[in-house]
Amino acid sequence: FSAPITGSKQFSPSSTIYLQSVDATLSAAAASNVKFTLRKSGSTDIDSFTITAGNTTFNSTVSSSAASTITSSDYVTMNVDSGAGNTLAVKVTYLG
């Protein structure tokens, strides 16, 4: 992949959820930082994350802002904002 990439797959919960953490993996270390952003309902940034150059894994908590609360009328997408690499997998853990 090569950024920028706008996410087209949507996750819509059946009831309210609270985003907790993000774990991301690249199949091989990237030569430059790979930055990605979780978005709520297409227009609100929930949080941005960066896998730094030379690494293949990343984990972080999601900021505890109002944007991290996702209702059944919302949806979540992910954009890759910068960087390039192979096979980016992102797991988002939530409560709800």
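Look above for the structure.
Along each chain, the written sequence defines residue order, and numbers are assigned to residues from 1. Given that the model is predicted, a residue must reach a pLDDT of at least 70 before its local features are reported, and side-chain atom pairs must reach 80 or more before they are shown or counted; all residues, however, enter totals for whole chains, interfaces and linings. For side-chain calculations, the full set of non-hydrogen atoms in the structure is used, while hydrogens and water are omitted.

Draft legend 1. The arrangement of the pattern of salt bridges in detail. Salt bridge criterion: a side-chain nitrogen from Lys or Arg within 4 Å of a carboxyl oxygen from Asp or Glu. Going through the model one piece at a time under the given rule, you end up with two salt bridges. A salt bridge links Arg39 to Asp45; the shortest N-O distance between them is 2.8 Å. Residue exposure (1.4 Å probe, protein chains only): buried if accessible area is under 20% of the type maximum, exposed if over 50%, otherwise partly exposed. Classification of Asp45 by relative accessible area gives partly exposed; the value is 46%. For Lys40, the salt bridge identified is with Asp74, shortest N-O distance 3.9 Å. Note that Lys40 is positioned in strand β2 (residues 34-40) and Asp74 in the loop between β5 (69-70) and β6 (76-82), a separation of 34 residues in sequence. Judged by relative accessible area, Lys40 falls into the buried class, the value being 15%. Residue classification places Asp74 among the buried residues on the basis of a relative accessible area of 13%. Helix and strand assignments come from DSSP, with helices taken as H or I runs of at least 4 residues and strands as E runs of at least 2, each series counted from the N terminus.

Draft legend 2. Looking closely at the sheet that holds β6. What makes two strands pair is DSSP finding at least two bridges between them. Pairing is antiparallel across the open sheet formed by three strands, whose spatial order is β3-β2-β6. Looking along the sheet, the strands with just one partner apiece sit at the ends: β3 (44-51) and β6. This sheet shows a mean twist of 25° between the axes of neighbouring strands, independent of strand direction. Relative to β3, β2 runs antiparallel, the two being bridged by seven bridges. Looking at the pairing, Arg39 lines up with Asp45 of β3. Every angle, taken between N-to-C directions, lies between 0 and 180 degrees, and every axis is a line fitted to C-alpha atoms, over only the stretch in contact when it is a helix.

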